[in-house]
Amino acid sequence: MIRMGRLSKTPLLALFVLGFALAKVDNIIHEVRFAEAYRHWSASETQKSIYVNAGDMILIRMNENPGTGYRWQLVTDSKDGFDQTLCQLQPTSSFAEGLYEPSTSQDGSDDKVVDGVSRPYVPPGAGEWPYPYPWGDRRFDVRCTMAGKTTLKLRYKRSWEERYSWESRLDVFVQANA
């Protein structure tokens, strides 16, 4: 067993603390919503802009009613897709598929979890037009890694149809860390 004296531990500890302090980056998670919770998709804004720093994460939440066959899709093709070298989709939201989060609120608020236990929430008027099914959110997680500008397009459509009902655009301006 190797024993280190008290004096030899101090520089090693100081070096470790200094290295940790220099490596620390304050990355921020930004949440973007295009409409209030439980609003019909047509109430969504068509365009928003956000300024972030390299390394920051953006959580995009889109109101969705999957029982109708419609869902939000993030456009990733080479023609209309965003610059994926600048911002990358994250596995925390199943990449381009997005993650569906059904509402679990008991009171119509936007909480995703109540008392740590998921419970299905059916908003008032569910089953009646125009809300035949419970609402939730489709979430897309994107990490921006380098400076630049890109536009993320989200389309509300059915998978078996070519046309889409709605398109929302998020202009992302990524600033380099100083």
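Up top is the structure these notes are about.
Residues numbered from 1 in each chain as written. Predicted model: local features only at pLDDT ≥ 70, side-chain atom pairs only at ≥ 80, totals over all residues. Heavy atoms only, no water.

(A) Focus on the overall build of the protein chain. Tallying secondary structure elements over the protein chain gives one helix and nine strands in all. Here the protein chain holds 178 residues, and the buried ones make up 38% of them. Of the contacts made within the protein chain by residues no fewer than 6 positions apart, 74% connect residues no fewer than 24 positions apart. Carbon and sulfur atoms form 57% of the exposed surface of the protein chain, whose accessible area is close to 10,900 Å². (Helix = DSSP H or I, 4+ residues; strand = E, 2+ residues; numbered from the N terminus. Buried < 20%, exposed > 50% of the residue type's maximum accessible area, 1.4 Å probe, protein only. Contact = heavy atoms within 4.5 Å. Areas by Shrake-Rupley, 256 points an atom, 1.4 Å probe, with all protein chains shown as cover.)

(B) View of the nonpolar core. Counting residues in hydrophobic clusters, the biggest one holds 26 residues, and the most contacted among them are Ile-58, Ile-60, Leu-170 and Val-172. Residue assignment for this core shows that the elements contributing at least two residues are β2 (47–53), β3 (57–64), β4 (70–74), β5 (87–89), β7 (136–144), β8 (148–158) and β9 (166–175). The element best represented in this core is β9, accounting for four residues. When sequence neighbours within four positions are dropped, the list of residues in contact with Ile-58 reads His-30, Val-32, Ile-50, Val-52, Phe-140, Asp-141, Val-142, Cys-144, Leu-170 and Val-172. (Core = buried A, V, L, I, M, F, W, Y, C linked by side-chain atoms within 4.5 Å.)

(C) Summary view of the pattern of salt bridges. Scanning all chains against the criterion turns up 11 salt bridges. Between Arg-138 and Glu-64 there is a salt bridge, with the nearest N and O atoms lying 2.9 Å from each other. Taken together, the positions of Arg-138 in strand β7 and Glu-64 in strand β3 put the pair 74 residues apart, joining distant regions of the chain. There is no split in this pair, since Arg-138 and Glu-64 are both buried. One salt bridge in this structure joins Asp-141 and Arg-139, with 2.8 Å as the shortest N-O distance. (Salt bridge = Lys/Arg side-chain N within 4 Å of Asp/Glu carboxyl O.)

(D) Up close: the packing of aromatic side chains. Here the structure, examined in full by the defined rule, presents three aromatic pairs. When the centroid spacing of 4.9 Å and the interplanar angle of 40° are considered together, the rings of Trp-72 and Tyr-156 count as tilted. Of this pair, Trp-72 sits in strand β4 while Tyr-156 sits in strand β8; the two residues are 84 residues apart in sequence, bridging distant segments of the chain. No difference in accessibility class separates Trp-72 from Tyr-156, as the two residues are buried. (Phe/Tyr/Trp six-rings, centres within 6.5 Å; stacked < 30°, edge-to-face > 60°.)

(E) Molecular detail of the environment of Asp-141. With respect to the secondary-structure elements, Asp-141 resides in strand β7. We classify Asp-141 as buried; its relative accessible area is 3%. Between the C-alpha atom of Asp-141 and that of Phe-95, which follows or precedes it by 46 residues, the distance is 7.4 Å. The residues touching Asp-141, leaving out its near neighbours within four places in the chain, are Met-57, Ile-58, Leu-59, Gln-88, Leu-89, Gln-90, Thr-92 and Ser-93. There is a polar contact of 2.5 Å between the side chain of Asp-141 and the side chain of Thr-92. (Polar contact = N/O pair within 3.5 Å; in protein donor to acceptor, adjacent residues only side chain to side chain.)

(F) Molecular detail of the sheet that holds β8. In spatial order, the strands read β2-β9-β8-β4; together these four strands make up an open sheet with mixed pairing. Edge positions in the open sheet fall to β2 and β4, since each of these has one partner strand only. Taken pair by pair, the neighbouring strands of this sheet meet at an average axis angle of 20°, ignoring direction. (Pairing = 2+ DSSP bridges. Axes fitted to C-alpha atoms, helices over the stretch in contact; angles between N-to-C directions.)

(G) Structural context of the side chain of Gln-90. With respect to the helices and strands, Gln-90 occurs in the loop between β5 and β6 (99–102). The contacts of Gln-90, once residues within four sequence positions are left out, are Met-57, Phe-95, Asp-141, Val-142 and Arg-143.

(H) How the structure looks around unusual backbone geometry. The phi dihedral of Ser-94 falls on the positive side, at around 60°, and the residue is not glycine. By the secondary structure assignment, Ser-94 is in the loop between β5 and β6. Despite not being glycine, Phe-95 shows a phi value in the positive range, around 55°. Positionally, Phe-95 belongs in the loop between β5 and β6. Phe-95 gets classed as partly exposed once you look at its relative accessible area, which sits at 44%.

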